[in-house]
Amino acid sequence: MKKNNVFEFLKERGYIYQCSNFENVKKELEKGISFYIGFDPTADSLHVGHFLTMMAIKHLQDAGNNPILVVGGGTGSVGDPSGRSEIRKLLDRKTIDYNCECLKKQMSKFVRFEGKNKAIMLNNADWLLKINWIDFLREFGVCFSVNKMLTAEAFKTRFEQESGLSFLEFNYMIMQAYDFYYLNKNYKVILQMGGSDQWSNILAGADLIRRKSNSDAYALTLNLLTKHDGTKMGKSATGTVWLDANKTSPYEFYQYWLNIDDLDVEKFLMLLTELDDSAIKNLCKEKGKKIIEAKKVLAAEVTKMIHGEKELAKAIEQSKAAFENIGENLPTLELSKNDLDKDNSIANLLVLTKLSPSKAESRRLISGNAVSINEIKITDFNLKISDLKINQKNFVIHKGKKNHIRVIIK
C-alpha cells in the first residue's frame, strides 16, 4: 500500500504540513526510528480532529517506526495557548489523571503496544512534576531566548488580544521543549510530530536538544482535519464528534460521515482509511447521487475502526431503518414525563434528543422546515408536543432527511 517509503506515502495522502528537514526525516523513517507526539488531557475522550493524527501514527508504526505517545499530565496543568483566544480552564490533578487513563484506552485501538516496534505510552507528569524550579532555570533557562519565543504565532496572537498572555501559559513552550529533550535523552527519540499549530513548540525542543546534546532532532507537523473550505472538522448539530461511544453514539458517528460535503469525500478517504489510492479514486470518480456510495464506504471504515464490527452493523441497520421507515429499528431515546413537565415544547425536545445543541438552534431548524414529528412538518417553534394529534408516548422526531430518533415517554 505504501509506495516508495512511508514519508512519501504520508505526503501523497495529504498528512504532512511542515518538516524541518525533508530529506533527513525521509531517510530516518526508512531506517526506522523512535518518534513522539503529545496529547493534552483537556477532555476524557479524543475527537475526530485527533483521528488524522492517530492514522498517521498507525502508518508510521506499520512501516517499522516506534511510536511514543505522551499524555500531558504535566503540560495539561498549564494549558497550551496555541489557537486559544483566552486562557484554558485549569483542571485539577484528579481530573487530569482520569482523562489521561481514558485517552490511553482509546489510543490502543490504533496502535500496537506489543510485538515488534511496539508503542510506548508515557505521562509527562512523571518527569515534569519532579523538576526543581531553581535547578531547571539554571540549567535550561539560558537555552531559551525570550525575543525568539515572542515571535511564535500563538504568543503574537494573544498579545494582540485584550486577554493578553499569562506567565503560566508562556511556560508551556519551555515545558514541551523539555519533553522532547527528555525523550531524546532517555528513549532516543529524534522526531516530534504534532498538529500544524505546534510548529514553534516542536522547533524549540529540537533546538534545545541541539544546544544541550549537540545532536540532530527534527520537527514534523501534520495538517489539521479541515473541510474543503478550510474550516475545522469535528462539529455536528449536537456538538463535538467524540470517539467515545458514550459521548457520540456509533449511530451518530456513522451518520456524521454520511452527511459530509461531497467535495470532502475523497480527501477523508485518503486520510482516514487504509484503502488503496486506486480504490479511493475509483470510488470517487462518480459525482452527484452516486457519491453516496463512497460516503457509505468512508462511514463504514471509520466507524469500524473506532467502534468495531458489531457496532458498525447496528449503526447500518439503524440507518436503514431511518431511510426505509422501519420504525422498530430506529435509535430510541426514553424520557420520563418529568423531563417535559417544565417545558414540553418541540424546541426543547430537540435539545433533549441531542438533535440540537440549544433552543435557539432548535428555533432556527424549525423555521428552516428541517423538523418533522412522525409525518407532521413542524413550522411553528412555539408548538408543544401536546398540540399534536399523535401518540404522545411513542413517536419519531426527524431532523432533515438523515437524523431520526424514536422517543418513548414513560
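For the structure, check the block above.
Everything numeric in this text was worked out from a predicted model, so none of it was measured.

Asks: Give a detailed account of the overall build of the protein, specifying residues and quantitative values.
Replies: Helices and strands together make up the secondary structure of the protein, namely 18 helices and 13 strands. Sequence-distant contacts, at least 24 apart, represent 71% of the contacts inside the protein between residues at least 6 apart. Accessible surface for the protein amounts to roughly 20500 Å². Of this, 49% is attributable to carbon and sulfur atoms.

Asks: Quick rundown of the pattern of salt bridges? Include the residues and the values.
Replies: The tally for this structure, following the rule as stated, stands at 19 salt bridges. The residue E293 makes a salt bridge to K296 at a minimum N-O spacing of 3.8 Å. In this pair, E293 and K296 both sit in helix 15 (residues 291-324), three residues apart, roughly one turn of the helix. You can call K296 partly exposed: its relative accessible area is 38%. Taken together, the shared-partner salt bridges connect K58, D62, R112 and E274 into one network.

Asks: How would you sum up the nonpolar core? Please name residues and give values.
Replies: Among the nonpolar cores identified, the biggest contains 66 residues, and F39, F51, M107, L191, M193, W257 and L272 are the most heavily contacted of them. Setting aside its immediate chain neighbours within four residues, M107 contacts F39, L46, M54, L69, V71, F113 and M121. Of all hydrophobic cores here, the second largest spans 34 residues; its members include F170, Y181, A204 and A219.

Asks: So what about the side chain of N124? Which residues, and what values?
Replies: With respect to the helices, strands and loops of the structure, N124 is situated in the loop between strand 4 (120-123) and helix 5 (125-128). Judged by its relative accessible area of 1%, N124 is buried. Of note is the side chain of N124, whose polar atom sits 3.2 Å from the backbone nitrogen of G73. Not counting chain neighbours up to four residues away, the residues in contact with N124 comprise V70, V71, G72, G73, G74, T75 and D179.

Asks: Can you tell me about the sheet that holds strand 11 (residues 376-377), naming the residues and giving the values?
Replies: With respect to topology, five strands assemble into an open sheet ordered 9-13-12-10-11, the strand pairing being mixed. The sheet terminates laterally at strand 9 (332-335) and strand 11, the two strands that pair on one side only. Bridge analysis of strand 12 (residues 394-399) against strand 13 (residues 403-409) gives six bridges, and the strand direction is antiparallel. For I397, the partnering residue across the bridge sits in strand 13 and is I405.

Asks: Describe the pairing of strand 6 (residues 218-222), naming the residues involved and giving the relevant values.
Replies: For a regular strand, side chains alternate in direction, first toward one face of the sheet and then toward the other. Burial analysis of strand 6 places five of its five residues in the buried class, which makes it a mostly covered element. Burial along strand 6 is two-sided: Y218, L220 and L222 and A219 and T221, pointing in opposite directions, are all buried. As defined by bridge partners, strand 5 (residues 189-195) adjoins strand 6 across five bridges and the pair is classed as parallel. Paired with L191 across the strands is Y218, a residue of strand 6.

Asks: Could you give me a rundown of a nonpolar patch on the surface, with the residues and numbers involved?
Replies: A grouping of W133, I134, L137 and F167 is seen on the molecular surface, where their side chains present a nonpolar patch of about 470 Å² in accessible area. Broken down by element, the nonpolar patch gets its largest block of residues, three residues, from helix 6 (residues 133-140). The class for F167 is exposed, based on a relative accessible area of 59%.

Asks: Any details on unusual backbone geometry? Residues and values, ideally.
Replies: Even without a glycine there, the phi angle at N117 is positive, about 40°. Relative to the assigned elements, N117 resides in the loop between helix 4 (93-107) and strand 4. On the basis of relative accessible area, N117 is assigned to the buried category, the value being 14%. Unlike most non-glycine residues, N214 shows phi in positive territory, near 55°. Residue placement: N214 occurs in the loop between helix 11 (199-213) and strand 6.

Asks: A description of the sheet that holds strand 1 (residues 16-19) should follow, citing residues and the corresponding values.
Replies: What links the strands of a sheet is backbone hydrogen bonding, and the strands pair in either a parallel or an antiparallel sense. If you walk across this open sheet you meet the six strands as 1-6-5-2-3-4, and the pairing is mixed. Edge positions in the sheet fall to strand 1 and strand 4, since each of these pairs with one other strand and no more. Strand after strand, the sheet turns through a mean of 25° between neighbouring axes, direction not considered. As defined by bridge partners, strand 2 (residues 34-39) adjoins strand 5 across four bridges and the pair is classed as parallel. Across the sheet, S34 pairs through a bridge with V189, a residue of strand 5.

Parameters and conventions
Residues numbered from 1 in each chain as written. Predicted model: local features only at pLDDT ≥ 70, side-chain atom pairs only at ≥ 80, totals over all residues. Heavy atoms only, no water. Helix = DSSP H or I, 4+ residues; strand = E, 2+ residues; numbered from the N terminus. Contact = heavy atoms within 4.5 Å. Areas by Shrake-Rupley, 256 points an atom, 1.4 Å probe, with all protein chains shown as cover. Salt bridge = Lys/Arg side-chain N within 4 Å of Asp/Glu carboxyl O. Buried < 20%, exposed > 50% of the residue type's maximum accessible area, 1.4 Å probe, protein only. Core = buried A, V, L, I, M, F, W, Y, C linked by side-chain atoms within 4.5 Å. Polar contact = N/O pair within 3.5 Å; in protein donor to acceptor, adjacent residues only side chain to side chain. Pairing = 2+ DSSP bridges. Patch = residues over 30% accessible without salt bridge, like charges linked within 9 Å, V, L, I, M, F, W, Y side chains within 5 Å. Axes fitted to C-alpha atoms, helices over the stretch in contact; angles between N-to-C directions.

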